[in-house]
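Remarks on the overall topology
What follows is each chain in one-letter form.
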Amino acid sequence: MAEKEKKGLLNEDWLAFWLAILIVVVSLFSFVGIDPLGWVIKVSEWLSFDKALAPVGKAYKGVISGGFSLVLTYVILTIILAIGVSLLGGNVKRFIIGFFFVYWLSMICWVIGHYAYLASTDPAKHNITWSLKLTGEGGYILALILGLIIGNFFRGFVSYLEEALKPEFYIKTAIGLMGAVLGLKSASAFGLASAVLFRGLCAIIEAYLIYWGLIYFIARRWFKFSKEWAAPLAAGISICGVSAAIAAGGAIRARPVVPIMVASLVVIFAVVELVILPFLARAFLWQEPMVAGAWMGLAVKTDGAAFAAGAITDALIRGKTEALAGIKYEPGWILMATATTKLFIDIFISIWAFLLAYIWCAYIECKPGEKVSAKEIWQRFPKFVLAYALGFVVFLLISAPHAPKVQAVDAKVKQIEARIKILEQQLNATTDPSQIAKLTQQISEQKALIQTSKEEIKDSAKVISQTKVATSGLDALRQIFFLITFFAIGAVSNFRKLWAEGIGKLAIVYFVSLFGFIIWIGLLISYIFFKGVKPPIIQ
Amino acid sequence: MTNQEVKTEEIAREIETMQYEEWLPVESKLVKWCVGLGIILLIILIWISYTFFPAQ
């Protein structure tokens, strides 16, 4: 968070920006024929454990084993992140000890989550009769549960992990990496991507105005909070949790204790939402997947919990849609709806804090010597969003001229292949020599047509293939950062705080506002802007 | 995390000592403007979304 006290050369926000940018730049070596991230571990659905682990890059398969890839990923991440922690001014030794447990415990959950009986959306593929159909991302839920157990029942152990429990930093890095992945996806479905972006922007404008006004009113009139309390509380409950509470508190010059106390509640309730809302979305919104995604962005507070909720919702809804309707949505679009709304919210926090500061000083109460400066917009601007935007734009620009051509030819080739199949069936069924000669010639012509079509887009296909090599490595790393975020969120959530004396009134106003208004208004706004928007179908 | 640094007793004391403040007319105005602007923009943004950024 930009507001966090700066002890080292960088804060977490800037570190996430630079780390994501560095990894994205390294991934670009794929365009000179190298797969620089192919060694990253990829876990697949498995019944037999030897099928579970493999490096993500095709070039590495058979060259290094899955086990070696798993260890290599751990070693390289530890080195990179330890450098990062030293830049943050943290304790590197304690980080290395903590990260050992964070990585391996999370990874155990990830591997278990990919067990076919838990994950498979098509049990027949594994010759099994049933599955929970959670998809592999069910591993995120296991990591969260394990983190919650450790965080609430093994507080002594948590103190060993503390230096490595940085959910906001992990998720910001993951989002920075995700920009590039979504840039490639958007190149193939530009209309849809622009609709998601614009509608996400609309949704958050609505959320800011309606949410904030309503919660401020409730906190002041119903719960008799003072102005100093009500403004950060309204921002924390209604907008984006911790960052917004701190930004609003700063804007109205509240004492530091106020937003910090609000933030402590935000973190706890965000986990409650993370556990409940994706499953509600799966049950009731599986036919409106993008509504569900945007809803997570609008309703779940804190970046970590919101993106995590988006990832689970993406997996759960895709799994259910495939199982019930046979529709296989392209992964990542539901999460993109969450990410779009959440990122716009993060961006707008800085603008909102500026507006609030101006309104407070001009119309409500101006503290002596207080000046409102537009520079605060940049100071509070979440820098990791820039890594997301840069990755998105660069990969969109690289792939946009080529992706539609490749996509069109792929579709054409599929049609031709289907035609060839029919001709081959006819060929097998006939004994008439003239018919055989005619069909054989038609098949040859169709095969030649495939060759010609592929030849025409040879260069474009090469660019797209290289882009996919880059994004597959980035996406594998993104998943690992998501995974450790889930574990870290669980481990830092100490529910005993809710029972602490004195926090009751705050908790009640938070509970009433969140579950009484915010979640449902968020659902309504998501429904209005994302109803009928569907992710691309891949099967 | 910074929030862990806040002591339970401090939370209780802060809430207990919170002074009641009258609801000011300017606050009514602020809330009305926020929600009102939200509703007006909702209509405009829905129109722009569905006209210029269709679902598919």
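Residues numbered from 1 in each chain as written. Chains lettered and ligands numbered in written order. Predicted model: local features only at pLDDT ≥ 70, side-chain atom pairs only at ≥ 80, totals over all residues.

Things to note about the overall build of chain B
Per the secondary structure count, chain B includes two helices and zero strands. Per-residue burial over chain B gives 11% buried out of 56 residues. (Helix = DSSP H or I, 4+ residues; strand = E, 2+ residues; numbered from the N terminus. Buried ≥ 20, exposed ≤ 12 C-beta atoms within 10 Å, placed from the backbone.)

Overview of the overall build of chain A
Across its full length, chain A carries 19 helices and two strands. Against the globule reference of 24 Å for 539 residues, chain A gives a C-alpha radius of gyration of 25 Å, in line with a compact fold. Seen through its principal axes, chain A has C-alpha atoms that stretch 100 × 45 × 45 Å. A buried classification covers 53% of the 539 residues belonging to chain A. Counting contacts in chain A only where the partners sit at least 6 residues apart, residues at least 24 apart contribute 76% of the total. (Rg over C-alpha atoms; globule rule 2.2 N^0.38 Å. Contact = placed C-beta atoms within 7 Å.)

A closer look at the nonpolar core
All names here are of chain A. Ranked by size, the top nonpolar core spans 181 residues in total, and within it Y140, L177, A234, A248 and A308 carry the most contacts. At 20 residues, helix α8 (residues 190–222) tops the list of elements feeding residues into this core. Residues in contact with A308, not counting those within four places in the same chain, are Y140, L274, F482, T485, F486 and I489. (Core = buried A, V, L, I, M, F, W, Y, C linked by C-beta atoms within 7 Å.)

Comments concerning the packing of helix α2 (residues 66–88) of chain A against helix α3 (residues 92–113) of chain A
Residue and element names in this part refer to chain A. Where α2 meets α3, the closest approach of the two axes is 10 Å, and the angle between their N-to-C directions is 145 degrees. Seen along the crossing, α2 lies across α3 with a hand that is right-handed. Residues L70, Y74, L77, T78, L81, A82, V85 and S86 of α2 lie in contact with α3, whose contacting residues are V92, F95, I96, F99, Y103 and M107. For the contact of α2 with α3, a count of residues per class yields 12 nonpolar, two polar and no charged. (Axes fitted to C-alpha atoms, helices over the stretch in contact; angles between N-to-C directions. Left-handed = near helix turned anticlockwise from the far one by under 90°. Nonpolar A, V, L, I, M, F, W, Y, C, P; charged D, E, K, R; others polar.)

Considering helix α1 (residues 12–27) of chain A
Residue and element names in this part refer to chain A. The terminal C-alpha atoms of α1 lie 22 Å apart, and with 16 residues this matches the ideal 22 Å at 1.5 Å per residue to within 8%. Inspection of α1 places E12, D13, L15, A16, F17, L19, A20, I23, V24 and S27 among the buried residues, and these make up the whole buried set. Check the buried side of α1 and you find it contacts α2, α7 (167–188), α15 (384–399) and α18 (458–492). (Expected span 1.5 Å × (residues − 1).)

Observations regarding the environment of L201 of chain A
Residues and elements named next belong to chain A. Turning to its location among the elements, L201 is positioned in helix α8. The class for L201 is buried, based on 20 C-beta atoms found within 10 Å. In this structure the C-alpha to C-alpha distance between L201 and F529, which are 328 residues apart in sequence, comes to 9.8 Å.

Examining the packing of helix α16 (residues 403–429) of chain A against α18 of chain A
All names here are of chain A. Look at α16 against α18: their axes get within 9 Å of each other, and the N-to-C directions meet at 105 degrees. It follows that α16 is roughly perpendicular to α18 by the angle criterion. Along its contact with α16, which presents A403, K405 and V406, the element α18 presents S460, A461 and I464. When grouped by side-chain class, the residues that make up the contact of α16 with α18 number four nonpolar, one polar and one charged. (Parallel < 35°, antiparallel > 145°, perpendicular 65-115°, else oblique.)

Thoughts on unusual backbone geometry
Residues and elements named next belong to chain A. Even without being glycine, N127 reaches a positive phi, approximately 55 degrees. Of note in the backbone geometry, K224 takes a positive phi value of approximately 55 degrees without being a glycine. Along the chain, the position of K224 falls in the loop between α8 and α9 (227–251).

Describing the confidence of the model for chain A
Confidence in the prediction of chain A, expressed as mean pLDDT, is 87, and 94% of residues score 70 or more. For the stretch residues 1–5 of chain A, pLDDT sits under 50, and the model shows 13 contacts to residues farther than four places along the chain or on other chains. (pLDDT = per-residue confidence, 0-100.)

What about helix α2 (residues 25–52) of chain B?
The end-to-end C-alpha distance of α2 of chain B, which contains 28 residues, comes to 39 Å, matching closely the 40 Å that a straight helix rising 1.5 Å per residue would cover. Looking only at α2 of chain B, the buried set comprises L30, V31, C34, G38 and S49 of chain B. Residues of α2 of chain B that are buried make contact with α8, α13 (333–364) and α19 (504–530) of chain A.

Some words on the environment of P401 of chain A
Residues and elements named next belong to chain A. With respect to the secondary-structure elements, P401 resides in the loop between α15 and α16. Look at P401 and you get exposed, because 11 C-beta atoms sit within 10 Å. In sequence terms P401 and A476 are 75 residues apart; their C-alpha atoms lie 25 Å from each other.

Considerations on the confidence of the model for chain B
All names here are of chain B. Looking at chain B as a whole, its pLDDT mean stands at 78, while 71% of the residues score no less than 70. When the criterion is pLDDT under 50, residues 1–5 qualifies, and its contacts beyond four places in sequence or with other chains add up to six contacts. The ipTM value of the predicted complex is 0.84, and its pTM value is 0.81.

Some details on the environment of L42 of chain B
Residue and element names in this part refer to chain B. Within the secondary structure, L42 is located in helix α2. Judged by local crowding, L42 falls into the partly exposed class, with 18 C-beta atoms found within 10 Å. In this structure, the C-alpha to C-alpha distance between L42 and P25, residues 17 residues apart in sequence, is 25 Å.

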